[in-house]
Amino acid sequence: MPTTVHPAQTSSATRFPHVTVLALTDVPHMSDRDGTTIAPYSACITYMSDAVAPDRVWHGQFSGYRVLPSGVVDMETACIVLHSATDRDLIPDGLLARIDYVCI
């Protein structure tokens, strides 16, 4: 179940960040553009809320166990950072739909 944290909003702010932490299970291995591959177990998604803009821009930090080139999952943890503007093609469809739903 996602946990959403809403920071205090000042009366003059029209945009403010939201942070959602997702526990990930049964998500395929993910890679960033630098070639780091992980078996993800959690994601921290930061996104902006704007009443005017229909699309949400998000930044995700995905934590997981490093996957070796041989495909073996190592017990060493690793993190990859992906962005909605440039990395949507790197995220499995089911997880992308979940992120988009949370950022509505």
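Note: the structure precedes this text.
Predicted, not measured: the structure shown is a model, and the values here were computed from it.

Participant: Tell me about unusual backbone geometry, and name the residues and values.
Facilitator: You will see that Asp 26, though not glycine, has its phi angle at about 55°, which is positive. Within the secondary structure, Asp 26 is located in the loop between β2 (15-23) and β3 (30-31). Owing to a relative accessible area of 82%, Asp 26 belongs among the exposed residues under this scheme.

Participant: An account of the packing of aromatic side chains is requested, with residue identities and associated values reported.
Facilitator: Scanning all chains against the criterion turns up one aromatic pair. Ring geometry for Tyr 41 against Tyr 65: centres 5.1 Å apart, planes inclined by 55°, an arrangement best described as tilted. On the criterion of sequence distance, the pair formed by Tyr 41 in strand β4 (residues 37-50) and Tyr 65 in strand β5 (residues 58-67) is long-range, its members being 24 residues apart. Since its relative accessible area comes to 34%, Tyr 41 is described here as partly exposed. Here Tyr 65 falls in the partly exposed class, since its relative accessible area comes to 30%.

Participant: Give me the lowdown on the environment of Thr 46, citing residues and values where you can.
Facilitator: Tracing the sequence through the fold places Thr 46 in strand β4. Classification of Thr 46 as partly exposed rests on a relative accessible area of 28%. As a C-alpha pair, Thr 46 and Val 57 span 11 residues in sequence and 8.6 Å in three-dimensional space. If we skip the residues at most four places from it in the chain, Thr 46 touches Pro 17, His 18, Val 19, Val 57, Trp 58 and His 59.

Reading the values: the criteria
Residues numbered from 1 in each chain as written. Predicted model: local features only at pLDDT ≥ 70, side-chain atom pairs only at ≥ 80, totals over all residues. Heavy atoms only, no water. Helix = DSSP H or I, 4+ residues; strand = E, 2+ residues; numbered from the N terminus. Buried < 20%, exposed > 50% of the residue type's maximum accessible area, 1.4 Å probe, protein only. Phe/Tyr/Trp six-rings, centres within 6.5 Å; stacked < 30°, edge-to-face > 60°. Contact = heavy atoms within 4.5 Å.

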